[in-house]
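Okay, here's what each chain looks like letter by letter:
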Amino acid sequence: MTAHILLVPLLTPLLAAMACLFAWKKKQWQQYIYLSGSMITLAGAAALAWQVLQEGIVSIQAGGWEPPFGITLVADAFSVLLVVVTHVLGVLIYFYTLPPVSVSQERKSFGFYPSLLLMLFGITGALLTGDIFNLYVWFEVMLVSSFVLISLGNERLQLEGAVKYVTINFIASALFLAGIAILYGMAGSTNMADLAVRLRADGVSDIVYVAMLFFLVSFSIKAALFPLFFWLPASYPTPPIGIAAIIAGLLTKIGIYALIRTLILVFPDNAFVQQLLLGMAILTMLTGIFGAIAQYDMRKILAFLIVSHMGYMVMGLAIATPLALAGTIFYMVHSILVKTNLFFISGLVFADQQSFHIRKAGGLYERLPWMAALFLISAFSLVGIPPLSGFWGKYMLASTGLATEQYLLVGVALLTSMLTLWAVSRIWLPVFWQHKGAEKQVTLTQGAFVRKNRGMVVSSAALTLLILWLGFQADPIVEISIQAAEQLFDRQAYIDAVLKP
Amino acid sequence: MRTLIYVTAIRIILPMFLLFSLYLFFRGHDHPGGGFIAALVASVGFIFHMLAFGIETTKVTYNVNTFALMGSGLAAALLSALIPVWVGKNFMEALWLPIELPVIGKLGTPILFDLGVYLLVVGMVLKTAFSLFED
């Protein structure tokens, strides 16, 4: 019965969203519900992670149906690591969205909290499901609630971004569904462990590769990989910064998660797809970073940086050795924290300067030096300067890349790191270092600014501490990443945990 | 739309819609039907009422809080999933009461789950219809 701990992080967000529906008109109550709900979820996620790391894969069969007939929920080290990181952000985003500058009061009384809870519910479900059709359903839960979040407030620009986001994601979902249909037609099953047994057997029909490409294209859209990333910089910068931060931090990584899960577990190895991933990794890194260098809006620069750094995660998947995959997993954790924090800080800049444009803001190093420090830590972490967190991820990826003689890939990865330094210094120089924003009438003193935006400052500082911890105390997370990667390659253990409980 | 025939007819038709929706709801376990489709039929009844009498009348007559409907729907579904866990069975496992009722048949957690779907869909469709009619 201890396996039921798995239900706590999964169902608590739904329970809290339900409570929010009863308190629709009472914003204050929704805030209490959100805060307590997200904290219980985080505690449940931590307890689940503890159990998985100590005792191995945890699985439960919904409805008590024998696998592979029922829907299985599975937690392994890879998924619980991401569940915990997701819900850490789930708690922090509460504090970040308290000041009205990050999410306005009207938006909060029109379903911000329940939508956010349902999005966290969808993400947790996608991470914990062991059934491929169920994964599709969780993606839809995530998509619909994030659509509400992106369009909340009905501003023209927001709706424009939301329409692009939804259209392309629905196409991705349709492709995903087509892939599932092919697999179901071939194997007569949607349980991932069962599919792994059937599809990795000898003499399986070549149609499986058609399904594989459907999955690849669909998840590449969701993860914003080259050449299917164009929707991301068009839609992520449009919603209020508090919403943009959590969506930007989390959703693309769930696409990568699904790609890793299906390609490593379910599908047979294929040299062509491996080459394709290699090319996509290289081009994603390069196009993303060039896009970032060409932009002037902080949020757009950050959106292109997200695209660029998705390339590193694909890099580990393309090399496909346990150590490379461990690098990818570590990089996902690092990337979720750092990208969210960079969005957090750009929101703080906006709170002070009323603009996201790098030419219209300036002199922050002089006025608010602590904010410059927060930015610098996250930015250097993203670039990968030792001993910050990005370095360890890149080190793991680059060393396995060299060991497997992928010199071009490693070269591009290192070049992208250098160009990332250029991209972040394009924010650093005008916004923090140079003094040209002085003609702006800035009335708030430092103390008044912090008091007014306390929640934003606190959550950004907390996230920075986490990033520093991830850099200086990388050992535990690196070990968990290696354990998770080895577990991913140990398919038989996963299959046994699901099919022979 | 508001002709005398329509307004008079809708008073008789609405209860029939609701009755038919209940019929669909209870036959759903083994035959076509179930919470979702039954809820759509019920909502159609209310939407016809809205077309006949106007949105304000419908809201006052039935006094529905759509968000509370959706919330109770979710609560019922969650309850049906968690009761089996409470008694030591698997998550979402079907539990049935030992007695069998005439007409309706056996009662158990699947019907509670379907009731949740029913309430959620009625709440959702009515909320959508109200918002569209108000514009």
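Residues numbered from 1 in each chain as written. Chains lettered and ligands numbered in written order. Predicted model: local features only at pLDDT ≥ 70, side-chain atom pairs only at ≥ 80, totals over all residues. Heavy atoms only, no water.

Enquirer: Would you mind going over the overall build of chain A in detail, with residue names and values included?
Expert: When its secondary structure is counted, chain A shows 21 helices and two strands. On C-alpha atoms alone, chain A measures out to a radius of gyration of 22 Å, which is about the 23 Å that the 2.2 N^0.38 rule sets for 501 residues. With respect to the three principal axes, the spread of C-alpha positions in chain A is 70 × 55 × 40 Å. In chain A, buried positions account for 63% of the 501 residues. When contacts within chain A are restricted to residue pairs at least 6 apart in sequence, those whose partners lie at least 24 apart make up 82%. Per element, the accessible surface of chain A, about 17600 Å² overall, is 67% carbon and sulfur. Of the side chains in chain A, 27 bear a positive and 22 a negative charge, and the two mean positions are spaced by 17 Å. (Helix = DSSP H or I, 4+ residues; strand = E, 2+ residues; numbered from the N terminus. Rg over C-alpha atoms; globule rule 2.2 N^0.38 Å. Buried < 20%, exposed > 50% of the residue type's maximum accessible area, 1.4 Å probe, protein only. Contact = heavy atoms within 4.5 Å. Areas by Shrake-Rupley, 256 points an atom, 1.4 Å probe, with all protein chains shown as cover. Lys, Arg positive; Asp, Glu negative; His and termini not counted. Charge placed at Lys NZ, Arg CZ, Asp CG, Glu CD.)

Enquirer: Which residues make up the packing of helix H2 (residues 35–53) of chain B against helix H5 (residues 109–134) of chain B, and what values do they have?
Expert: Each pair of packed helices can be summarised by the angle the axes make with each other and by the distance between the axes. All names here are of chain B. Following both chains from N to C, one finds H2 and H5 inclined at 30°, their axes separated by 8 Å at the closest point. By the angle between their directions, the pair H2 and H5 is classed as roughly parallel. The handedness of the crossing between H2 and H5 comes out as right-handed. Seen from H2, the contacting residues are Gly-35, Phe-36, Ala-38, Ala-39, Leu-40, Ala-42, Ser-43, Phe-46, Ile-47, Met-50 and Leu-51; seen from H5, they are Asp-114, Val-117, Tyr-118, Val-121, Val-122, Val-125, Leu-126, Ala-129, Phe-130 and Phe-133. Its residues assigned to classes, the contact of H2 with H5 comprises 18 nonpolar, two polar and one charged. (Axes fitted to C-alpha atoms, helices over the stretch in contact; angles between N-to-C directions. Parallel < 35°, antiparallel > 145°, perpendicular 65-115°, else oblique. Left-handed = near helix turned anticlockwise from the far one by under 90°. Nonpolar A, V, L, I, M, F, W, Y, C, P; charged D, E, K, R; others polar.)

Enquirer: Pulling in residues and values, what's your account of a nonpolar patch on the surface?
Expert: Residues and elements named next belong to chain B. Nonpolar side chains collect at one region of the surface, where Leu-97, Ile-99, Leu-101, Val-103 and Ile-104 lie side by side and expose about 490 Å² of accessible area between them. Relative to the elements of secondary structure, Leu-97 occurs in strand E1 (residues 96–101). Under the relative-accessibility criterion, Leu-97 is labelled partly exposed at 44%. (Patch = residues over 30% accessible without salt bridge, like charges linked within 9 Å, V, L, I, M, F, W, Y side chains within 5 Å. Salt bridge = Lys/Arg side-chain N within 4 Å of Asp/Glu carboxyl O.)

Enquirer: I'd love a proper account of the packing of aromatic side chains, names of residues and values included.
Expert: Given two aromatic rings, their pairing is described by the distance between the two centres and the angle made by the two planes. This structure, assessed with the given rule, holds 38 aromatic pairs over all chains. Ring centres of Phe112(A) and Tyr113(A) lie 5.1 Å apart, and the angle between their planes is 70°; on these two criteria the pair is classed as edge-to-face. Pair check on accessibility: Phe112(A) and Tyr113(A) agree, each one buried. When the ring of Phe17(B) is compared with that of Phe48(B), the centres are 5.7 Å apart and the planes differ by 55°; the resulting orientation is tilted. Linking Phe17(B) in helix H1 (residues 4–27) with Phe48(B) in helix H2, this pair joins segments that are 31 residues apart in sequence. Residue Phe48(B) is classed as partly exposed on the basis of its relative accessible area of 31%. We note Lys26(A) situated over the ring of Trp29(A); from NZ or CZ to the ring centre the distance is 5.4 Å. (Phe/Tyr/Trp six-rings, centres within 6.5 Å; stacked < 30°, edge-to-face > 60°. Lys NZ or Arg CZ within 6 Å of the ring centre and 35° of its normal.)

Enquirer: So what's going on with empty space enclosed by the protein? Which residues, and what values?
Expert: All names here are of chain A. Applying the stated criterion across every chain yields a total of one cavity of 30 Å³ or more. Approximately 100 Å³ is the volume attributed to the largest cavity. What lines the largest cavity is simply Phe-139, Met-142, Leu-143, Ser-146, Tyr-165, Asn-169, Lys-222, Trp-231, Tyr-236, Leu-251 and Gly-255. Broken down by secondary-structure element, the contributors of at least two residues to the lining of the largest cavity are helix H5 (132–151), helix H6 (156–187) and helix H10 (241–266). Top element by residues in the lining of the largest cavity is H5. It accounts for four residues. (1 Å grid on protein atoms, 1.4 Å probe; cavity = no way out; pocket = protein on both sides within 12 Å on 5 of 7 lines; lining within 4 Å. Points joined across faces, edges and corners; volume = space filled by probe spheres on them.)

Enquirer: I'd like a description of the interface of chain A and chain B, backed by residues and values.
Expert: With 16 residues of chain A in contact, the opposing surface of chain B contributes 16 residues. Between chain A and chain B, the buried area comes to about 1400 Å², and carbon and sulfur atoms account for 83% of it. For the pair chain A and chain B, the interface holds one residue pair in polar contact (both at pLDDT 80 or more). Listing elements by their share of the side of chain A that touches chain B, those giving two or more residues are helix H1 (7–22) and strand E1 (58–61) of chain A. It is H1(A) that contributes the most residues to the side of chain A that touches chain B, seven residues altogether. Residue composition of the side of chain A that touches chain B, by class: twelve nonpolar, four polar and no charged. (Buried area = accessible area lost by both parts, 1.4 Å probe. Polar contact = N/O pair within 3.5 Å; in protein donor to acceptor, adjacent residues only side chain to side chain.)

Enquirer: Describe the pattern of salt bridges, naming the residues involved and giving the relevant values.
Expert: One pass over the full model with this rule turns up nine salt bridges over all chains. Asp352(A) is the salt-bridge partner of Arg367(A), the closest N and O atoms lying 2.6 Å from each other. Linking Arg367(A) in helix H14 (residues 364–367) with Asp352(A) in helix H13 (residues 322–353), this pair joins segments that are 15 residues apart in sequence. Where Glu134(B) meets Lys59(B), a salt bridge forms, and the shortest distance between an N and an O atom there is 2.4 Å. Of this pair, Glu134(B) sits in helix H5 while Lys59(B) sits in helix H3 (residues 55–62), and the two are 75 residues apart along the sequence. Relative accessible area serves as the criterion here: at 46%, Glu134(B) is assigned to the partly exposed category.

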